[in-house]
Amino acid sequence: MAPHAGSLNAVEIRRLTRRFGPTTILDAVDLDIAQGEFVALLGKSGSGKSTFLRALAGLDHDVEGTGSLAVPERLSVVFQDARLLPWRNVIQNVTLGLPGARQQAGRKALAEVGLAGRESAWPIQLSGGEQQRVALARSLVREPALLLADEPFGALDALTRIKMHGLLRELCARHRPAVLLVTHDVDEAITLADRILVLDRGRFIEDLTVDLPGRRRHGDARFDAIRSQLLSRLGVDTDEREAA
Amino acid sequence: MTYLSGNGRGETALLERERRAAPAAPKSLEAPAIPAIRRKRRLGPGPAIPFGLQIGPAVLVLAWVAGSGLGLIDPRILPAPWTIIATFGELIADGRLQSNFLTSSVRALLGLGFGIVIGLLLAVVSGLSRVGEALIDGPIQIKRAVPTLAMIPLLILWLGLGETMKVTIITLGVIVPIYMHTHNALRAIDERYVELAETLRMSQRDFLLQVVLPGAVPGFLLGLRFAVTLCWVSLVVVEQINATSGLGYMIELARTYGQTQIIIVGLVVYALLGLASDGIVRLLERRLLSWRRTLAH
């Protein structure tokens, strides 16, 4: 199910619908993601963002649904938990299921995420941030045309998360996969993405291009304007916004 | 403190706070001079005693030595330790201990070996395919409900009194825990890893070899520990029924002649075998499950 030949889109979704029994989770959603485009998907819990990502990843086996979905063959998923096999060491986790000839690529990917020299460590010996970096290396070594990330930094502490943002941005700039990052963190979305979608009750209610050259940070008037707009779309009212 | 550089205000504040704190809390200033204070954990049983596990058995042996030496223990009930040691020597000298030990070990190892291979094969077939499960799981559950030792009369009629019968009984006993725990572990593979394997587009073969089978190793090893214990229990029983060789036979014969010391030698050998095999399984665990050990180990 690759996108049409000659298309510049990595992902083409038409009228995608997903239901759990009587509840419609995704309601005839359309979306194109261009090659190399970094898209962040925001939404309250229960808005359907995980269902959407799982549909793209092909992990929604028993879910009723209709619509057409074209995603690249080379697709990697980063989960919220690093999901490393505890009985395989770091390099084996990175190259899991790859032919033996790709071992060298695994080492390179590990070096790219700053874990050169930790090849033979067991996952249990790594910190949460390091484990998530191994998971990133495992995704990158497959040279994905589409990277799906389901709240990949949600379980990390605030300082580690900032470092991981930098690393992810750097890696995406180098490898240029299309990215769909599901998150509930508005700042994370603005910091990382080219484009931000807001999902609400199974429909996109916002599709916003983030055009902020240079470093993105709080206090910058345009950053704050986007943040404010997104928060109101997510149903956070002004008082709560000021408290945040 | 007259000259202060660039961001001096913070420094002054800091110094002043220190100065103020100094006379008020002299004890806290002394504290770093005794850095080796390690506060005891308030809850829990406290630190481990060196050689703690050996103390209990040593006390028992000492009581035995003292009781026998002072004539408090009737040697017909429990012979003195030195009598046991002497009997050990005699049994080794005339070769009886070695030959009986060898016979028993061969039986136990054959039964254990067959049991592990068969139990493992059945568990893998039943754990990895629905058809296999439909065919295998039911019969094993029924087998589990029938104690192996209760099947001895039937097996004697089928297989006679020879070695085949004895090894078969041990094998039948060993199959059950190996099967149960391995099958359980194969079925309990975390669904998150299955999802991972799907997104990594792993082949069926890689999925089995990298995810399912290694993930089931802890379960298998647990089954193995039960199996080893069961193997010795079965051995003792089959050797006391119609056997003409083996440690169990040696003990049975000694009972007939009232040779308590030989019975005790036999029990000591059983104990050593049990300890040794448990040690081997634990060694295996340490090798195979090194990924579980944390940095603290």
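Residues numbered from 1 in each chain as written. Chains lettered and ligands numbered in written order. Predicted model: local features only at pLDDT ≥ 70, side-chain atom pairs only at ≥ 80, totals over all residues.

Bringing the overall build of chain A into the picture now. Looking only at helices and strands, one finds eight helices and nine strands in chain A. A globule of 244 residues ought to have a C-alpha radius of gyration of about 18 Å, and chain A, at 18 Å, matches this closely. By principal-axis analysis of the C-alpha atoms, chain A measures approximately 50 × 45 × 35 Å. Counting all 244 residues of chain A, 38% fall into the buried class. Within chain A, counting contacts between residues at least 6 apart in sequence, those at least 24 apart form 71% of the total. (Helix = DSSP H or I, 4+ residues; strand = E, 2+ residues; numbered from the N terminus. Rg over C-alpha atoms; globule rule 2.2 N^0.38 Å. Buried ≥ 20, exposed ≤ 12 C-beta atoms within 10 Å, placed from the backbone. Contact = placed C-beta atoms within 7 Å.)

Residues and elements named next belong to chain A. Within the fold, Leu 126 resides in the loop between α3 (103-112) and α4 (128-140). When the 18 C-beta atoms within 10 Å are taken as the criterion, Leu 126 is described as partly exposed. Between the C-alpha atom of Leu 126 and that of Val 90, which follows or precedes it by 36 residues, the distance is 9.3 Å. In this view, Leu 126 contacts Ala 121, Gln 131 and Val 134; residues no more than four positions away in its chain are not counted.

Residues and elements named next belong to chain B. With 16 residues, helix α6 (residues 130-145) should cover 22 Å at 1.5 Å per step; its first-to-last C-alpha distance of 22 Å lies within 8% of that length. The sharpest bend along α6 comes to roughly 30 degrees, located at Ile 136, with the proline Pro 139 sitting one to four residues further on. Little of α6 is tucked away: zero of the 16 residues are buried. (Expected span 1.5 Å × (residues − 1). Bend = angle between axes of the 7 residues up to and from the residue.)

A few words now on the nonpolar core. One finds Leu41(A), Leu148(A) and Leu180(A) to be the most contacted residues of the largest nonpolar core, which totals 61 residues. Setting aside chain neighbours within four positions, we find Leu41(A) in contact with Lys49(A), Phe52(A), Leu180(A), Leu181(A), Val182(A), Leu197(A) and Leu199(A). (Core = buried A, V, L, I, M, F, W, Y, C linked by C-beta atoms within 7 Å.)

All names here are of chain A. One non-glycine residue, Glu 151, lies in the positive phi region at around 45 degrees. Topologically, Glu 151 is positioned in the loop between β6 (146-150) and α5 (158-175). Take Glu 151: there are 19 C-beta atoms within 10 Å of it, and that puts it in the partly exposed class. The residue Arg 176 is not glycine, and still its phi comes out positive at about 50 degrees. As for its position among the elements, Arg 176 is in the loop between α5 and β7 (178-183).

In this section: the sheet that holds β7(A). Residue and element names in this part refer to chain A. Ordered by their spatial adjacency, six strands build an open sheet running β5-β6-β7-β3-β8-β9, and the pairing between neighbours is mixed. Where the open sheet ends on each side, the last strands, each with one partner, are β5 (75-78) and β9 (203-209). On average, each strand axis in the sheet is tilted by 15 degrees relative to the strand beside it, whichever way the strands run. Note that strand β3 (residues 38-43) and β7 share five bridges and pair parallel. The partner of Leu 41 across the bridge, within β7, is Val 182. (Pairing = 2+ DSSP bridges. Axes fitted to C-alpha atoms, helices over the stretch in contact; angles between N-to-C directions.)

Moving on, we come to the pairing of β9(A). All names here are of chain A. Across six bridges, strand β8 (residues 195-200) lies against β9 in antiparallel orientation. Residue Val 198 lies in a different strand from β9, and its bridge partner there is Glu 206. Connecting β8 to the antiparallel partner β9 that follows it, the hairpin turn spans two residues, and Arg 201 within it adopts a positive phi of roughly 45 degrees.

Turning our attention to the interface of chain B and chain A. Each partner contributes to the interface: chain B provides 16 residues, whereas chain A provides 13 residues. For the side of chain B that touches chain A, the elements supplying multiple residues, two or more each, are α9 (191-199) and α10 (204-240) of chain B. Element by element, the count of residues in the side of chain B that touches chain A is highest for α9(B), at six residues.

The terminal C-alpha atoms of α5(A) lie 26 Å apart, and with 18 residues this matches the ideal 26 Å at 1.5 Å per residue to within 8%. Phi turns positive one or two residues past the end of α5(A), at Arg176(A), with a value near 50 degrees.

Turning next to the confidence of the model for chain B. All names here are of chain B. Summarising the model, chain B shows a mean pLDDT of 85, and 86% of its residues fall at 70 or more. Least confident of the elements in chain B is helix α1 (residues 8-24), whose mean pLDDT is 45; most confident is helix α8 (residues 163-187), at 95. With pLDDT under 50 throughout, residues 1-29 is counted as low confidence; its partners more than four residues away or in other chains account for four contacts. Reported confidences for the modelled complex are a pTM of 0.77 and an ipTM of 0.87. (pLDDT = per-residue confidence, 0-100.)

A separate point is the environment of His181(B). Residue and element names in this part refer to chain B. You can see His 181 is positioned in helix α8. The sequence separation of His 181 and Phe 226 amounts to 45 residues, and the corresponding C-alpha distance is 9.6 Å. Sequence-distant contacts of His 181, defined by excluding residues within four places in its chain, comprise Gly 219, Phe 220, Leu 222 and Gly 223.

What follows deals with the environment of Val233(B). All names here are of chain B. Assignment of secondary structure puts Val 233 in helix α10. Owing to 16 C-beta atoms within 10 Å, Val 233 belongs among the partly exposed residues under this scheme. C-alpha of Val 233 to C-alpha of Leu 149: the two residues are 84 residues apart in sequence and 9.8 Å apart in space.

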